[in-house]
Amino acid sequence: MRVIIKDNANDCSSWVAGYIAYRIKKAKPTAKHPFVLGLPAGSTPLGIYQELIKLYQNKKTSFEHVVTFNMDEYVGLSPRDPHSYHHFMYENLFNHIDINPKNIHILNGQTKDYAKECENYEKNITTYGGIDLMLGGVGRDGHIAFNEPFSSLGSRTRIKTLAPSTIKDNSHFFGGDISQVPTQALTMGVGTILDSKEIIIMATGAAKAEAIHQAIEGCINHMWTITALQMHQHGIIVCDEEATQKLSPSTVEYFKSIENQGN
Ligand code: GLP
């Protein structure tokens, strides 16, 4: 696992956006062989999306041949609902870049057949040869996408019931009203995420410190689904100083020294 520690959230966002642009460029994507990018919603990626929009506007990157698959979507919300992840993605990224709308994939939380929707999503990812780079955030309880504590580390895309702590945390997007937060979501599984060729998880702020401690120093455990990243050959955690508060000083020193050597 690679761990990149930056001074603050802005520096994390710039690094991640730059890395995504670098990966897209390096892949030299075409219409026939597009670059496949997995994307999250939430507060964490907002700064990354702003940086990606700037890179696009400054002609440093293009999404013309990029295909996206979002990690998750709330059950029951229409794509037009301002709280849906559909709406979030168009507002904060897709409306501002040159991506072909046909290349955007987000789970349909209003489907009548959840199992079929999730199965088709998995098949669709396979059709593109898998996800080249998966970007994610992490919940305070260590969940990735909506893989709540005790999710199978081999799970695939499916419907999940949200943990009370996640509903509470995400209620700030719903005006602080817990009763407005959907109780279920469709989400890529931990296994789906691990199938990606490369994974970046970004975490900032002291509230994520325990999740980062578990992710880097904890045992692989279904209580903290982020720990599954330890099994991936190309996993990167990008975090700010505040999120490292619960790591041992020697762990922080080790990862910083590796990055300083440019290895
Ligand atoms: C939600 C999302 C996750 C996200 C997490 C943390 O539950 N499903 O993908 O990582 O929240 O969100 P935030 O970035 O707002 O802290």
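Predicted, not measured: the structure shown is a model, and the values here were computed from it.

Criteria and cut-off values
- Residues numbered from 1 in each chain as written.
- Predicted model: local features only at pLDDT ≥ 70, side-chain atom pairs only at ≥ 80, totals over all residues.
- Heavy atoms only, no water.
- Pairing = 2+ DSSP bridges.
- Helix = DSSP H or I, 4+ residues; strand = E, 2+ residues; numbered from the N terminus.
- Axes fitted to C-alpha atoms, helices over the stretch in contact; angles between N-to-C directions.
- Parallel < 35°, antiparallel > 145°, perpendicular 65-115°, else oblique.
- Left-handed = near helix turned anticlockwise from the far one by under 90°.
- Contact = heavy atoms within 4.5 Å.
- Nonpolar A, V, L, I, M, F, W, Y, C, P; charged D, E, K, R; others polar.

Colleague: An account of the sheet that holds strand β8 (residues 184–187) is needed here, citing residue identities and associated values.
Modeller: The strand order across the open sheet formed by three strands is β4-β8-β7, and the pairing between neighbours is antiparallel. Each edge of the open sheet is held by one strand with a lone partner, namely β4 (72–74) and β7 (158–161). Across the sheet, the mean angle from the axis of one strand to that of its neighbour is 30 degrees, orientation sign disregarded. Note that β4 and β8 share three bridges and pair antiparallel.

Colleague: Requested: an account of the packing of helix α1 (residues 9–27) against helix α2 (residues 45–57), with residues and values cited.
Modeller: For the pair α1 and α2, the least separation of the axes is 8 Å and the interaxial angle reads 50 degrees. When the axis of α1 is compared with that of α2, the two are oblique. Judged by the sense of rotation from one axis to the other, the crossing of α1 with α2 is right-handed. Of α2, the residues touching α1 (which contributes S13, S14, V16, A17, G18, I20 and A21) are G47, I48, E51, L52 and L55. For the contact of α1 with α2, the per-class residue count stands at seven nonpolar, four polar and one charged.

Colleague: Summarise the sheet that holds strand β5 (residues 104–105); cite the residues concerned and give the values.
Modeller: Read across the sheet, seven strands follow the order β1-β10-β9-β6-β2-β3-β5 without closing on themselves; strand pairing throughout is parallel. The open sheet has two edge strands with one neighbour each: β1 (2–6) and β5. Relative to strand β9 (residues 199–203), strand β6 (residues 133–136) is paired through three bridges, and the arrangement is parallel. Residue pairing in the sheet places G136 in a bridge with I201 of β9.

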